[in-house]
Amino acid sequence: MKAVHFGAGNIGRGFVGLLLHEGGYEVVFSDVAGPLVDAINAVSEYTVHEVGEGGRDHVVTGFRAINSAEHPDQVIEEVAGANVVTTAVGPTILRFVAPHLVAGLALRDPSSPPLQIMACENAINATDLLRDEMVEAAGEAWAALEQRAVFANTAVDRIVPEQPAGAGVDVTVEPFFEWAIERHPFGDDPPAIPGAHFVDDLAPYIERKLFTVNTGHAATAYFGAQAGVERIADALAGPAIAARVAAALEETSAVLIAKHEFAPEELAEYRATILARFANPALPDHVRRVARQPLRKLSRNERFVGPAAEAAERGLPVDALVAAMAAALAFDDPDDPQAVELQAMLREQDADAVTAAVTGLERSHPLYARVRDAVAARQAALAG
Ligand SMILES: NC(=O)c1ccc[n+]([C@@H]2O[C@H](COP(=O)([O-])OP(=O)(O)OC[C@H]3O[C@@H](n4cnc5c(N)ncnc54)[C@H](O)[C@@H]3O)[C@@H](O)[C@H]2O)c1
Ligand SMILES: O=P(O)(O)OC[C@@H](O)[C@@H](O)[C@H](O)[C@H](O)CO
């Protein structure tokens, strides 16, 4: 069995590649970073080090890597003969992966079982997004290709920090992981992924994950950045930040309870587990990584505006989420292109233009005025 995994970065090697290996797949990593591809091909095994309570080491073997920027034909050929394709490249990169998948399907033996495609990105229905990109890339050819693949949305959860320079291909991760996958696309032949769970309805799982783990993580990072703290665990060690993050998560939990009927005590336990994961002192996770791409994180269906909009529509509180968005608006990292773009927008456009462009909210939406006030406050701070 063969799996082609796009994106041999932190989660690619430290989670997806590991579980595919444990499921018995030969793993072919595809990446555009030449030195990373060379480093992977220079070793016959790498170790995933789980750090923190209960952590242990896992050795991954049976993999190789291809530079898809230099050798697209090789990647396409691997896709054509694979059982499974996964991605962990970031939601905005899926459109660059899509043409390789379309070309691979075109080469695929039509009598082989359908290619099982799963995007493992932090976004609602990322696999649907990848499929849409493939349909667009294929144009009229799609009708002949679509039977050759099945598509399942997934929710992946494991904190994998940036790896220190010189660490080679090994990856340091937290011990916790969760991988929820839509069951119905696979019929009687689900992929072999030990530890993953197959669910009939992914929406509660992906929303619980994105609007708790990622909302809380991002809130910690943006409050931490404002306080000049570098590590996530250190940011959460301050009682003021911990209280603000906890308040934001109580607001998202209220939405999840109202929408998906989670039991309040179950979500309280989920929140406590997550805050303990963030506080793991052995995990070298940094504010800069977690805060990355603030425009993506402040967009309409993402971890702040998504749950806050639903809360406002239901008349539920949003104060703590708006406070976290205000901290995100202040995130100013010269090495993060989206942070630079956001700060330029705040300097050059009026509050309504920034609010609409960044959040995608209509002026008539009950959340709009609250976010616009936060935008105006950030603009006043920049001007003053
Ligand atoms: N790190 C985590 O804790 C974590 C956890 C869950 C989900 N995720 C999600 O996984 C995705 C990747 O995150 P990450 O932290 O591993 O990032 P990363 O930057 O470590 O890895 C991304 C990799 O994708 C590669 N890449 C870029 N363009 C590519 C292309 N066109 N084809 C193939 N590879 C390409 C990059 O070179 C890089 O190696 C994101 O969507 C993220 O939200 C991350
Ligand atoms: O990957 P992003 O940029 O969407 O979010 C940053 C982190 O919150 C994220 O990578 C978490 O570590 C991960 O989602 C945990 O499962």
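Fair warning: this is a prediction, and the values are worked out from it, not measured in the lab.

> Before we go on, may I ask you to explain the site of ligand 1 in this structure?
Among the 25 residues in the neighbourhood of ligand 1, the closest are listed as Asn10, Ile11, Asp31, Glu121 and Val160. In the environment of ligand 1, an oxygen atom lies 3.5 Å from a nitrogen or oxygen atom belonging to the backbone of Gly90. One nitrogen or oxygen atom from the main chain of Arg158 is found 3.1 Å from an oxygen atom belonging to ligand 1. For ligand 1, the accessible surface in isolation is 820 Å², of which the surrounding protein chains cover 84%. Of all the elements in the fold, those that place two or more residues in the shell around ligand 1 are α1 (10-22) and β2 (26-31).

> I keep staring at the pattern of salt bridges and nothing clicks. Help me out?
Note on pairing: side chains with opposite charge can pair once their charged atoms come close. Scanning the model with the defined rule gives 21 salt bridges in all. A salt bridge links Arg288 to Glu162, with the shortest nitrogen-to-oxygen separation between them at 3.1 Å. Residue Arg288 is found in helix α11 (residues 287-290), and its partner Glu162 is found in the loop between β9 (154-157) and β10 (171-173); the two are separated by 126 residues along the sequence. Exposure remark for Glu162: the relative accessible area of 40% places this residue in the partly exposed category.

> Honestly, unusual backbone geometry in this entry has me stumped. Any pointers?
Among all residues except glycine, the phi angle is most often negative; among peptide bonds, the trans geometry is most common. Phi at Asn125 is positive, roughly 55°, even though this residue is not glycine. By relative accessible area, Asn125 is classed as partly exposed at 32%. A positive phi angle, close to 55°, is found at Gln293, a residue other than glycine. Along the chain, the position of Gln293 falls in the loop between α11 and α12 (294-297). You can call Gln293 partly exposed: its relative accessible area is 25%.

> Is there a simple way to think about the site of ligand 2 in this case?
Around ligand 2, the surrounding shell holds 14 residues, and the nearest of these are Asp157, Lys209, His217, Arg296 and Lys297. Within the side chain of Arg292, a nitrogen or oxygen atom sits 2.8 Å from an oxygen atom of ligand 2. The side chain of Lys297 places a nitrogen or oxygen atom 2.7 Å from an oxygen atom of ligand 2. Within the complex, the protein chains bury 93% of what would otherwise be the 400 Å² of accessible surface of ligand 2.

Quick notes on the rules
Every residue gets a number counted from 1 within its own chain, in the order that chain's sequence is written. A letter from A marks each chain and a number from 1 marks each ligand, given out in the order of writing. Under the rules for a predicted model, residues below a pLDDT of 70 receive no local features and side-chain atom pairs below 80 are neither given nor counted, while totals for whole chains, interfaces and linings still include all residues. Each side-chain value is worked out from all heavy atoms of the structure, with water and hydrogens disregarded. If a single non-hydrogen atom of a residue is within 4 Å of a molecule or strand, that residue counts as near it. Any pair of N or O atoms that falls within 3.5 Å is considered a polar contact. Within protein, one atom must be able to donate a hydrogen and the other to accept it, and sequence-neighbouring residues count only if both atoms are side-chain atoms. Areas reported as accessible are Shrake-Rupley estimates using a 1.4 Å probe. Residue values count occlusion only from the protein chains shown. Per the convention used, a helix needs a DSSP run of H or I reaching at least four residues, while a strand needs a run of E reaching at least two, with both numbered from the N terminus. Criterion for a salt bridge: a side-chain nitrogen of Lys or Arg within 4 Å of a carboxyl oxygen of Asp or Glu. Burial status follows relative accessibility: with a 1.4 Å probe on protein chains alone, a residue under 20% of its type maximum counts as buried, one over 50% as exposed, and anything between as partly exposed.

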